[in-house]
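Report on the structure
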Amino acid sequence: MNDRTVSVEAEPYPFELALDACALLVIDMQRDFLEPGGFGEMLGNDVSHLRRTIEPNRALLRAWRARALPVIHTREGHRPDLSDLSPAKKIRGRSKTQIGDVGPMGRILVRGEPGHDIIPELYPLPGEPVVDKPGKGAFFATDLPAILQHRGIRQIVVTGVTTEVCVHTTVREANDRGYDCLVPADCVGSYFPEFHEMALRMIKAQGGLFGWVSHSEQILAVIT
Ligand code: C5J
């Protein structure tokens, strides 16, 4: 540990956060997933399970930005012509309303549509990369690997939604590429609380199978 490393209380053991090499990656905090009246709610989901993550994310972002540490955002979505949407993803779920159809906040999961945008509470600042991803993981078919590599990033604090889908997939992808991931439990959320709990247990199981789990307060305690 040096003076640019801080120790965060975490499970399964403390996370040695290297301030020179750690990015905050905020996954898919998009209006269609989080806002009342959006696509997520239209499918019958209770968005309050996701909305409880907004304030902890806002506090973490504020502290991260105050220390001028790197922040990266992602958005799940597709080109307007849907040329990057696999037929498998399009038909999965057998839903009457599919990706690309008109939903309550514009075309569903299409870039440039109101519902695809990031919620105002966590809106990216100029200079913070926004990675548009067609899949669940942030590494698949994106320039995230180049952004991380060029900034010398070795560790990622992963927040956002949903815990068991895009957050988990990204943590697994990052872990396989050699990144250490820390997930603050109050900054990630799922429409299904039991999936959320189990997904976090999987990350920290067996000595940190995919990474570490903590709480935003434990990170704030050492970076503010
Ligand atoms: C995300 C999803 N962001 N659940 N997408 O997790 O389909």
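Report follows, based on the coordinates.

Thoughts on the site of the ligand
The immediate surroundings of the ligand are formed by Asp28, Phe33, Glu76, Lys136, Val161, Thr162, Val165 and Cys166. Measuring from a nitrogen atom of the ligand, one finds a backbone N or O atom of valine 161 at 3.1 Å. Relative to its unbound accessible surface of 230 Å², the ligand loses 85% to contact with the protein. When atom positions are compared with the pocket grids, the ligand is found to occupy the largest pocket. Residue composition of the shell around the ligand, by class: 4 nonpolar, 1 polar and 3 charged.

Description of the packing of aromatic side chains
Going through the model one piece at a time under the given rule, you end up with 4 aromatic pairs. Pairing tyrosine 13 with tryptophan 212 gives two aromatic rings, centres 5.5 Å apart and planes at 80 degrees, and the pair type is edge-to-face. Of the two residues, tyrosine 13 sits in the loop between strand S1 (5-8) and strand S2 (15-18) while tryptophan 212 sits in strand S11 (residues 212-214), which places them 199 residues apart along the sequence. On the accessibility criterion, tryptophan 212 (12% relative accessible area) is buried.

Considerations on the nonpolar core
In this structure, Leu17, Trp64 and Val157 are the most contacted members of the largest nonpolar core, which totals 39 residues. Taken together, the elements giving at least two residues each to this core come down to S1, S2, strand S3 (22-27), helix H1 (31-34), helix H4 (54-66), strand S8 (155-161) and helix H9 (216-223). Top contributing element to this core by residue count: H4, with 5 residues. Other than its neighbours up to four places away in sequence, valine 157 contacts Leu17, Cys22, Ala23, Leu24, Leu25, Leu60, Trp64, Leu182, Pro184 and Ile219. By size, the runner-up hydrophobic cluster in this structure holds 25 residues, among which are Ala23, Ile147, Val167 and Val188.

A short note on the side chain of serine 214
Relative to the helices and strands, serine 214 resides in strand S11. Here serine 214 falls in the buried class, since its relative accessible area comes to 6%.

Things to note about the pairing of S3
It is a general feature of regular strands that their side chains alternate between the two faces of the sheet. The element S3 is largely enclosed, with a buried count of 6 among its 6 residues. Here S3 shows two buried faces, one formed by Cys22, Leu24 and Val26 and the other by Ala23, Leu25 and Ile27. Two elements, S3 and strand S4 (residues 71-76), share 3 bridges in a ladder whose sense is parallel. Bridge pairing in S4 links leucine 25 to isoleucine 72.

Overview of the layout of surface pockets
Over the atoms a probe the size of a water molecule is rolled, and this reveals where empty space is left. Approximately 650 Å³ is the volume found for the largest pocket. In this structure, the largest pocket is lined by 26 residues; those nearest its centre are Phe33, Phe39, Leu43, Leu109 and Lys136. For the lining of the largest pocket, the secondary structure elements donating two or more residues are helix H2 (39-42), helix H5 (87-91) and helix H7 (163-176). For the lining of the largest pocket, the per-class residue count stands at 11 nonpolar, 8 polar and 7 charged.

Notes on the packing of H4 against H9
Geometry of a packed helix pair, given as the angle between the helix axes and the separation of the axes. With their axes 10 Å apart at the nearest point, H4 and H9 run at an angle of 20 degrees to one another. Relative to H9, the element H4 is oriented roughly parallel. With respect to the hand of their crossing, H4 and H9 are arranged in left-handed fashion. Judged by residue contacts, Pro56, Ala59, Leu60, Ala63 and Trp64 of H4 engage Ser216, Ile219, Leu220 and Ile223 from H9. Residues that form the contact of H4 with H9 fall into these classes: 8 nonpolar, 1 polar and no charged.

The rules we used
Residues numbered from 1 in each chain as written. Predicted model: local features only at pLDDT ≥ 70, side-chain atom pairs only at ≥ 80, totals over all residues. Heavy atoms only, no water. Near = heavy atom within 4 Å. Polar contact = N/O pair within 3.5 Å; in protein donor to acceptor, adjacent residues only side chain to side chain. Areas by Shrake-Rupley, 256 points an atom, 1.4 Å probe, with all protein chains shown as cover. 1 Å grid on protein atoms, 1.4 Å probe; cavity = no way out; pocket = protein on both sides within 12 Å on 5 of 7 lines; lining within 4 Å. Sits in = over half its atoms within 2 Å of the grid points. Nonpolar A, V, L, I, M, F, W, Y, C, P; charged D, E, K, R; others polar. Phe/Tyr/Trp six-rings, centres within 6.5 Å; stacked < 30°, edge-to-face > 60°. Helix = DSSP H or I, 4+ residues; strand = E, 2+ residues; numbered from the N terminus. Buried < 20%, exposed > 50% of the residue type's maximum accessible area, 1.4 Å probe, protein only. Core = buried A, V, L, I, M, F, W, Y, C linked by side-chain atoms within 4.5 Å. Contact = heavy atoms within 4.5 Å. Pairing = 2+ DSSP bridges. Points joined across faces, edges and corners; volume = space filled by probe spheres on them. Axes fitted to C-alpha atoms, helices over the stretch in contact; angles between N-to-C directions. Parallel < 35°, antiparallel > 145°, perpendicular 65-115°, else oblique. Left-handed = near helix turned anticlockwise from the far one by under 90°.

The values reported here are purely geometric and, on their own, carry no functional implication.
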